[in-house]
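Residue strings, one per chain:
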Amino acid sequence: MSQNHRNTICVEDAEVLQQTAHAQGQYSLRLAAPRCAGRARPGSFVHIRCAEDIPMRRPLSIMRANAADGWIEVLYKVMGQGLDRLSTAAPGESINILGPIGNGFEADVDHPTAVLIGGGVGIPPLIFLAEFIHAGDWNDARAVAFFGSELPFPFDLVDSTIALPGAPVEASQALTLLDKKSIPSRLATTAGFAGCYNGFVTELARQWLETLPDDQLEQIMFYACGPEPMLAAVARLARAFDLPSQLCLEEFMACGVGGCAGCAVEVQTPDGPAMKRVCVDGPVFAGKSIYPD
């Protein structure tokens, strides 16, 4: 991955436009941040100051960005004092952000079918990517999305109007915002939500993949974000079908700009294993470099 993004990071006082509460401590937040919105790419994130008296910022993936109207959206689940304070921010208030940060997902002309797999608060960068592809920014690429959550999905859902041959029939629900853009999506959970596949999201994706002919399989690239066990499962799925993957890692961060190296992970390179910083060397890495076996 390149590091050209280092000249695009900006500090911005963003105005809260809308804050929406969802089930079980989940929130979506829209911010007026024109400089960030104009530079954001799927997989990049913002380092956000949750409150003036809490110096440690929190990294949040960008879920949507509208460069023309100058806003970005993030999704988060309250965990700890910082995000709890962020959840009280009201329209009109100002929040300082640093971003966009990170190397995001990359198109692959040899694998134009983007299979998006997201889990929990790892779903947002895949929504951004789906809309990015729909807008034509990746030429002839097409997207298929599989999302999993153990909490109620913090999105409007609909019985999908888009056929996805090979997907389990019980997985009938889809994200409305993707369905309206003719992007097929299916959902998975072990919490028993109606219209969702009963199991892990990678199992749902596998059942669909197993029905595809070889000429369709060979066009696939996996793009994923979510908790570490899910990413490991995506890497195994990619190996099973001999397909490439790009994984967006979730990691604790202090500075967010590469100075502290507190988010470093081991990555396999052509020269052997090396420690890479998730914030600026990632957060997106080739799946085989993170899970080589």
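Everything below is about the structure printed above this text.
Going along each chain's sequence as written, the residues are numbered from 1 onward. Where local features are concerned, this predicted model is filtered to residues with pLDDT of at least 70; where side-chain atom pairs are given and counted, the filter is 80 or more; whole-chain, interface and lining totals use all residues. Values shown for side chains rest on all heavy atoms present in the structure; no hydrogens or waters enter the calculation.

**Re the sheet that holds strand S8 (residues 142-148)**
- DSSP-based pairing: two strands are paired if at least 2 bridges between them are found. Segments assigned H or I by DSSP are reported as helices when at least four residues long, segments assigned E as strands when at least two residues long, and all are numbered from the N terminus. The strand order across the open sheet formed by seven strands is S12-S11-S8-S7-S13-S14-S17, and the pairing between neighbours is mixed. Pairing within the sheet leaves two strands with one partner each, and these edge strands are strand S12 (197-198) and strand S17 (284-286).
- Residues count as neighbours in contact if any of their non-hydrogen atoms are within 4.5 Å of one another. Axes here refer to lines fitted to C-alpha atoms; in helices the fit is confined to the stretch in contact. Angles between the N-to-C directions go from 0 to 180 degrees. On the sheet, helix H5 (residues 201-209) packs against strand S7 (113-119), S8, strand S11 (185-189), S12 and strand S13 (220-225) and is oriented at approximately 140° with respect to S8.
- This element, helix H7 (residues 228-240), spans S7, S13 and strand S14 (245-248) of the sheet and lies at about 170° to S13.

**Concerning the side chain of Ser 28**
- When you line up the elements, Ser 28 lands in strand S2 (residues 26-32).
- Polar contacts, as used here, are pairs of N or O atoms within 3.5 Å; protein pairs need one atom able to donate a hydrogen and one able to accept it. Residues neighboring in sequence count only if both atoms are side-chain atoms. Side-chain polar atoms of Ser 28 contact the side chain of His 22, separated by 2.9 Å.

**Quick notes on the pattern of salt bridges**
- A pair is scored as a salt bridge if a Lys or Arg side-chain nitrogen falls within 4 Å of a carboxyl oxygen belonging to Asp or Glu. Counted under the stated rule, the structure contains five salt bridges.
- The salt bridge involving Arg 85 is made with Asp 53; its shortest N-O contact spans 2.9 Å. Here Arg 85 is found in helix H2 (residues 81-86), whereas its partner Asp 53 is found in the loop between strand S3 (45-48) and strand S4 (58-66), with 32 residues between them in sequence.
- Relative accessibility under 20% of the residue-type maximum defines a buried residue, over 50% an exposed one, and the middle range a partly exposed one, all with a 1.4 Å probe and only protein chains included. Since its relative accessible area comes to 31%, Arg 85 is described here as partly exposed.
- Between Glu 131 and Arg 64 there is a salt bridge; the shortest N-O distance is 3.2 Å. Of this pair, Glu 131 sits in helix H3 (residues 124-134) while Arg 64 sits in strand S4; the two residues are 67 residues apart in sequence, bridging distant segments of the chain.
- For Glu 131, a relative accessible area of 15% puts it in the buried group.
- With a relative accessible area of 22%, Arg 64 lands in the partly exposed category.

**Notes on the side chain of Ser 61**
- With respect to the element layout, Ser 61 can be found in strand S4.
- The exposure class assigned to Ser 61 is buried, which follows from its relative accessible area of 19%.
- Apart from the residues within four sequence positions on either side, Ser 61 is in contact with Ser 44, Phe 45, Glu 73, Val 74, Pro 124 and Pro 125.

**Observations concerning H7**
- Taking 1.5 Å per residue as the helical rise, H7 with its 13 residues ought to reach 18 Å, and the 18 Å between its terminal C-alpha atoms agrees with that figure.
- On the buried face of H7, the contacting elements are S7, H5, S13 and S14.
- Positive phi shows up at Asp 242, right after H7, with a value of about 55°. Given the number of residues in a helix, its expected span is that number minus one, multiplied by 1.5 Å.

**Considerations on the nonpolar core**
- For this analysis, a nonpolar core means a set of buried residues of the types Ala, Val, Leu, Ile, Met, Phe, Trp, Tyr and Cys, connected via side-chain atoms within 4.5 Å. Formed by 52 residues in total, the largest nonpolar core has its most connected members in Ile 97 and Phe 147.
- With residues near it in sequence (within four places) discarded, Ile 97 still touches Cys 10, Val 11, Glu 12, Ala 14, Leu 31, Ala 33, Cys 36, Val 46, His 47, Ile 48, Arg 57 and Ile 72.
- Core analysis: the next-biggest nonpolar cluster, separate from the first, contains 43 residues, Val 115, Ala 171, Ala 235 and Ala 238 among them.

**Quick notes on the sheet that holds S2**
- Strand order around the closed barrel formed by six strands is S1-S2-S5-S4-S3-S6, with antiparallel pairing between neighbours. Across the sheet, the axes of successive neighbouring strands diverge by a mean angle of 45°, strand direction being ignored.
- Taken together, the seven bridges between S2 and strand S5 (residues 71-77) define a ladder with antiparallel strand orientation. The residue bridging Tyr 27 from the neighbouring strand is Tyr 76, located in S5.
- Against the sheet, H3 contacts S4 and S5, and its axis sits at roughly 25° relative to S4.

**As for the layout of surface pockets**
- We place a 1 Å grid over just the protein atoms. Points where a 1.4 Å probe fits but has no way out form a cavity, open points with protein on both sides within 12 Å along at least 5 of 7 lines form a pocket, and any residue with an atom within 4 Å of a point lines it. Grid points are joined across faces, edges and corners, and a volume is the space filled by probe spheres set on the points. Quantified by volume, the largest pocket comes out at close to 1100 Å³.
- Lining the largest pocket are 38 residues; nearest its centre among them are Met 79, Gly 119, Val 121, Pro 227 and Glu 250.
- Here the lining of the largest pocket gets four residues from one element, more than from any other, and that element is S4.

**A closer look at the packing of aromatic side chains**
- Note on aromatic contacts: the rings of Phe and Tyr and the six-membered ring of Trp form a pair at centre separations within 6.5 Å, being stacked when their planes are under 30 degrees apart, edge-to-face when over 60 apart, and tilted otherwise. On inspection of all chains with the given rule, the structure shows six aromatic pairs.
- Aromatic side chains Tyr 27 and Tyr 76 sit 5.6 Å apart centroid to centroid with 15° between the ring planes, which places their arrangement in the stacked category. Linking Tyr 27 in strand S2 with Tyr 76 in strand S5, this pair joins segments that are 49 residues apart in sequence. Per residue, the accessibility class of Tyr 27 equals that of Tyr 76, and both read buried.
- Counting every residue linked through ring pairs, the aromatic cluster contains Phe 105, Phe 128, Phe 132, Trp 138 and Tyr 223.
- For a Lys NZ or an Arg CZ to count as sitting over a ring, it must be within 6 Å of the ring centre and within 35 degrees of the ring normal. Of note, Arg 30 hangs over the ring of Trp 71, and the distance from its end group to the ring centre comes to 3.7 Å.

That's the geometry; what it means functionally is another story.
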